[in-house]
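Chain by chain, the residues run as shown.
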Amino acid sequence: MANVKLTYEEQLDAMKRFIDEGDDFLVVSHVNPDGDAISSTTAVGWLLSSLGKSYTMMNEDACPQKFQFLWRAADIKRASDADGKKKYRYVIAVDCADYQRFGEVSACFADDVRIANIDHHQTNDHYGDVQLIRPDAAATAEILYDLLNRFSITWTEEIATCIYTGLLTDTGGFRFSNTSPRVMNIASQLLSCGVKANELAEQLLERMTKAHVKLLQRALSTLTFNADETVCWLSVSLADMREANAKNEDLEGLVQYPRNIEGVDVGILFKEVRQDVYKVSLRSGGRADVSEIAQRFGGGGHARAAGCTVEGKLEDIIRAVVAEAEKGLKANDSI
Ligand code: 5GP
Ligand code: MN
């Protein structure tokens with residue numbers, strides 16, 4: 001909780017000092033990494049590389065195929081492949097709201113580790129020794145844009161593409177409510193550095209894997225509404241994943257289907273992780289704060305996109321989560 005009360009500018013300075021003073025860094029992000037997590041990991045790797053620092057990028061899970069084109073994304077190690085003996089004293093965590101979200105990567109932290117926490121989740125619990133947290137940033141990549149400008153770097157297409165990808169994916173293609181004038185301004189500067197907006201949109205937003213479409217086919221057959229049709233959900237079982245030959249990354253975007261239906265305020269996806277354990281993804285149209293709902297089940301996230309992992313039978317979990325979503329909507333009705 002070292003510098004929670006610092007201004008954003010002071011936090012940027014403190015983070016620059018942390019990077020200037022350290023070496024042999026471990027750069028980490030959350031399990032099951034999304035576009036912002038991978039972009040932010042590679043952007044910090046790029047910065048460290050340009051400063052001549054030694055570093056390792058690591059995640060519990062594999063980098064999704066569609067982000068492999070990013071600068072040295074192929075170098076992001078999986079925690080399971082790490083040398084068990086090597087421990088890191090300097091850790092830079094990006095886009096990661098709490099310590100648990102590192103997953104197995106935390107086994108590589110030294111006993112006297114110093115952790116830098118760079119994030120934009122409103123549910124960030126301020127873990128670590130140095131914090132750079134801005135909940136009104138659209139993406140962690142937006143914060144990294146400011147951090148990069150604290151160093152005398154030359155913007156290249158590679159680093160600009162990393163930052164742009166984080167912005168593009170966390171704003172849903174510059175469509176969500178976090179698409180601020182500032183985001184568009186930064187995006188505009190990045191385009192001037194040679195970012196190929198059309199190619200990235202095609203690759204990251206439009207292109208679908210066959211496994212995704214097969215999952216969609218199955219998931220839509222589970223579509224269910226609550227009584228007043230303000231909450232709608234889908235579920236995906238392990239058998240569905242197997243039959244569609246799908247990986248976790250093929251699930252991306254499925255939760256938008258219930259959320260986008262007219263009249264629906266909260267869309268939910270229940271994904272079986274293993275027997276009697278479900279990953280719950282929540283999306284809100286704005287009337288309910290789904291991060292509050294996710295937090296009630298030990299998860300977190302943002303007001304309009306949040307998640308948690310819950311143990312139990314699917315029917316019981318659906319009943320409990322839908323009831324909380326309905327409560328969340330009622331609470332806001334009375335305002
Ligand atoms: P998704 O549903 O796409 O996995 O996640 C949506 C948002 O919620 C992301 O910002 C993600 O970081 C956050 N989130 C998802 N699952 C969890 C969780 O178990 N714990 C926390 N703290 N945040 C989560
Ligand atoms: Mn993010």
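For the structure, check the block above.
Residues numbered from 1 in each chain as written. Chains lettered and ligands numbered in written order. Predicted model: local features only at pLDDT ≥ 70, side-chain atom pairs only at ≥ 80, totals over all residues. Heavy atoms only, no water.

**Q** Please explain the coordination of the manganese ion (ligand 2) as it appears in this structure.
**A** Geometrically, a metal with four donors at the corners of a regular tetrahedron has ideal angles of 109.5 degrees, and one with six donors at the corners of a regular octahedron has ideal angles of 90 or 180 degrees. The protein atoms that coordinate the manganese ion (ligand 2) are D36 (OD), D95 (OD), H120 (NE2) and D170 (OD), at distances spanning 2.2 to 2.3 Å. Mapping the donors of the manganese ion (ligand 2) onto the primary sequence yields the spacing D-x58-D-x24-H-x49-D. Of the two residues, D95 is situated in the loop between β4 (88-94) and β5 (109-119) and D170 in helix α4 (residues 157-170); the sequence distance between them amounts to 75 residues. The pair D95 / D170 is uniform in exposure class, with both members buried. (Donors = N, O, S within 2.8 Å, 3.2 Å for Na, K, Ca; no water. Helix = DSSP H or I, 4+ residues; strand = E, 2+ residues; numbered from the N terminus. Buried < 20%, exposed > 50% of the residue type's maximum accessible area, 1.4 Å probe, protein only.)

**Q** Sorry if this is basic, but what is going on with the sheet that holds β4 here?
**A** Sheets are built from strands paired through backbone hydrogen bonds, the pairs being either parallel or antiparallel. Spatially, six strands are ordered β3-β2-β1-β4-β5-β6 in an open sheet, and the strand pairing comes out parallel. The sheet is open, and its two edges are formed by β3 (77-78) and β6 (130-133), each paired on a single side. For strand β1 (residues 25-28) and strand β2 (residues 55-59), the ladder comprises four bridges, and the chain directions are parallel. Considered in β2, the bridge of V28 is made with M58. Running at roughly 135° to β6, helix α1 (residues 8-21) makes contact with β1, β4, β5 and β6 of the sheet. (Pairing = 2+ DSSP bridges. Contact = heavy atoms within 4.5 Å. Axes fitted to C-alpha atoms, helices over the stretch in contact; angles between N-to-C directions.)

**Q** Explain the packing of helix α2 (residues 35-50) against α4 here, please?
**A** Helix packing geometry: the angle between the two helix axes and the distance between the axes. Contact geometry of α2 with α4 gives a least axis separation of 8 Å together with a crossing angle of 160°. By the angle class used here, α2 and α4 are roughly antiparallel. The hand of the α2/α4 crossing is left-handed. The residues of α4 that touch α2, namely those facing G35, D36, S39, T42, A43 and W46, are E158, I159, C162, I163, T165, G166, T169 and D170. Along the lines of polarity and charge, the residues of the contact of α2 with α4 split into five nonpolar, six polar and three charged. (Parallel < 35°, antiparallel > 145°, perpendicular 65-115°, else oblique. Left-handed = near helix turned anticlockwise from the far one by under 90°. Nonpolar A, V, L, I, M, F, W, Y, C, P; charged D, E, K, R; others polar.)

Interpretation note: all reported values are geometric properties and have no functional meaning in isolation.
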